[in-house]
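Below, each chain spelled out in residue letters.
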Amino acid sequence: MSWFTFLPLAVMLALSAVLGRVPVPLHPSWSARLLATTGAMTAVAALGTGVFVAINYGATLTPSAAAHVPEWALFGDDRPVPDVVGLPAALLTAAGLLVAGRAALRWARELRAARSRARAPLETEVPIAVAVPGRHGGVLLSRGLLRRLASDELHVVFQHETSHLRHRHHRYLASGALARALLPALRPLDRRLRLAVERWADEDAAEAVGDRAFVARTIAKVALAHPPAAPGPAAAPGPAAAPGPGPAAAFAESGVIERVEALLDAPPAKNSVTGPLLFMGNGVVTSTLTAATLQLDHAVASGLLALLALR
């Protein structure tokens, strides 16, 4: 093991930190793709690095067990992994896998509950509009929202939420939430990703409605109608609660001020050339670095050598 073992993960963490703090000058659709890909790849890179360090630490503690580990999964320099590195790696990797599993189960429960409630409006005066993905999903609304908004304002809400469903934005949000759960340092990236996804749906709604200022006013109206958060411990979600942070996002949940200001400005460029180029370039870089943390190059080389030996 050497410093190079952690270099791909360090580069991924640095890239995620930069993207989480520096706005990307792209259309929100390309920004969301860029942020989601980087967040997901960084989470996988962190788990991959931890898993392989833990495997090699186990081989250091019990050299006889190393004979049962594929050669590509072992570091090539045969140097032992010190306790100060191996033990934290093993514990953090186990904790990370547990966090990821618990987050996935929680999101699944939230989505099942939201789908079961999507058949009728929520019985609450709090204005709620949530895109619920899946075959039995749809747009979940509350009676408070239906009473407060006129028909043309409801049209804005439906255009926004159907954009979430059409582009499967829950997958983008899940990747950001997973990265945030595994690596708390990536919270700025997750916040920027959630804002980019909402801005993407806002732009789709504005294009469908044809009035950016009207979409901005509708978002502000719904946000202002929300009651202020009560101090103290958060209340347990009741039957009329909207899904919490995770794969589903509410209509006026993230970055309302930034979204309204953007809608009152000129529409962003589509970035039909620079967007795909930056996205593909980022994908090549992040996938290569993540493959290095997963030792995929060693696994492929080992497989090719085995095939050649059979001949």
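Shown above is the structure to which this text applies.
Residues numbered from 1 in each chain as written. Predicted model: local features only at pLDDT ≥ 70, side-chain atom pairs only at ≥ 80, totals over all residues. Heavy atoms only, no water.

Trainee: Talk me through the packing of helix α6 (residues 169-182) against helix α7 (residues 187-209); I want residue IDs and the actual numbers.
Mentor: A pair of packed helices is captured by two measures, namely the crossing angle of their axes and the spacing between those axes. Contact geometry of α6 with α7 gives a least axis separation of 8 Å together with a crossing angle of 170 degrees. One element, α6, and the other, α7, form an angle in the roughly antiparallel class. Counting all contacts with α6, which are made through H169, Y172, L173, S175, G176, A177 and R180, the residues of α7 involved are R187, D190, L193, R194, V197, W200 and A201. Of the residues in the contact of α6 with α7, the class split is seven nonpolar, three polar and four charged. (Axes fitted to C-alpha atoms, helices over the stretch in contact; angles between N-to-C directions. Helix = DSSP H or I, 4+ residues; strand = E, 2+ residues; numbered from the N terminus. Parallel < 35°, antiparallel > 145°, perpendicular 65-115°, else oblique. Contact = heavy atoms within 4.5 Å. Nonpolar A, V, L, I, M, F, W, Y, C, P; charged D, E, K, R; others polar.)

Trainee: I'd like to hear about the pairing of strand β1 (residues 129-132), residue by residue, with values.
Mentor: Burial along β1 is two-sided: A129 and A131 facing one way and V130 and V132 facing the other are all buried. The pairing of β1 with strand β2 (residues 138-141) spans four bridges and is antiparallel. Within the sheet, the bridge partner assigned to A129 lies in β2 and is L141. Here β1 folds back onto β2 in antiparallel fashion, the turn holding five residues, of which G134 has a positive phi close to 110 degrees. (Buried < 20%, exposed > 50% of the residue type's maximum accessible area, 1.4 Å probe, protein only. Pairing = 2+ DSSP bridges.)

Trainee: Break down unusual backbone geometry for me, with residues and values.
Mentor: For residues that are not glycine, phi is negative in most cases, and the peptide bond is trans in most cases. A positive phi angle is found at R168, which is not glycine, with a value near 55 degrees. Here R168 is to be found in the loop between α5 (151-166) and α6. R168 gets classed as partly exposed once you look at its relative accessible area, which sits at 44%. Even without a glycine there, the phi angle at N271 is positive, about 55 degrees. Here N271 shows up in the loop between α9 (256-263) and α10 (274-293). For N271, a relative accessible area of 16% gives the class buried.

Trainee: I'd like a rundown of the packing of aromatic side chains, residues and numbers included.
Mentor: Pairs of aromatic rings are described using the distance from one ring centre to the other and the angle between the two planes. Throughout the structure, instances matching the rule amount to two aromatic pairs. Ring geometry for W30 versus F279: centroids 6.1 Å apart, planes at 45 degrees, classification tilted. Of this pair, W30 sits in helix α2 (residues 28-61) while F279 sits in helix α10; the two residues are 249 residues apart in sequence, bridging distant segments of the chain. Note on F279: relative accessible area 27%, which makes it partly exposed. A centroid spacing of 5.5 Å and a plane angle of 85 degrees characterise the contact between Y172 and W200, whose relative ring orientation is edge-to-face. Of this pair, Y172 sits in helix α6 while W200 sits in helix α7, placing them 28 residues apart in sequence. Residue Y172 is classed as buried on the basis of its relative accessible area of 16%. Positioned above the aromatic ring of W30 is the side chain of R33, whose terminal nitrogen or guanidinium carbon lies 4.4 Å from the ring centre. (Phe/Tyr/Trp six-rings, centres within 6.5 Å; stacked < 30°, edge-to-face > 60°. Lys NZ or Arg CZ within 6 Å of the ring centre and 35° of its normal.)

Trainee: Any details on the nonpolar core? Residues and values, ideally.
Mentor: Judged by nonpolar contacts, the single largest core of 19 residues is most densely connected at L145, V157, V215 and I219. Sort the elements by how many residues they give to this core and helix α8 (residues 212-225) lands first, with five residues. Here L145 is in contact with V126, P127, I128, A129, L154, V157 and V222, once residues within four sequence places are set aside. Ranked by size, the runner-up nonpolar core spans 15 residues in total, among them L19, W30, L34 and L193. (Core = buried A, V, L, I, M, F, W, Y, C linked by side-chain atoms within 4.5 Å.)

Trainee: Describe in detail a nonpolar patch on the surface, supporting the description with residues and values.
Mentor: Among the surface-exposed residues, V273, L277 and M280 lie close enough to one another that they form a single nonpolar patch of about 310 Å² accessible area. Note that V273 resides in the loop between α9 and α10. (Patch = residues over 30% accessible without salt bridge, like charges linked within 9 Å, V, L, I, M, F, W, Y side chains within 5 Å. Areas by Shrake-Rupley, 256 points an atom, 1.4 Å probe, with all protein chains shown as cover. Salt bridge = Lys/Arg side-chain N within 4 Å of Asp/Glu carboxyl O.)

Trainee: Describe the pattern of salt bridges, and please don't skip the residues or the numbers.
Mentor: Taken as a whole and assessed by the stated rule, the structure comprises eleven salt bridges. With a closest N to O distance of 3.9 Å, R106 and E110 form a salt bridge. One end of the pair is R106 and the other is E110, both in helix α3 (residues 83-117) and four residues apart, which spans about a single turn. For E110, a relative accessible area of 21% gives the class partly exposed.

Trainee: Mind laying out α10, listing which residues take part and the relevant values?
Mentor: Over its 20 residues, α10 extends 29 Å from the first C-alpha to the last, a length consistent with the 28 Å expected when each residue adds 1.5 Å. If you check which residues of α10 are buried, you get G275, N282, T286, L289, T290 and T293. When α10 is viewed along its axis, its buried side chains cluster within an angular range of 100 degrees and face the same direction. Summarising the geometry of α10, the exposed residues directed more than 90 degrees from the buried face are L277, M280 and V284. For α10, the elements touching its buried residues are α1 (7-21) and α2. (Expected span 1.5 Å × (residues − 1). Arc of directions from axis to C-beta.)

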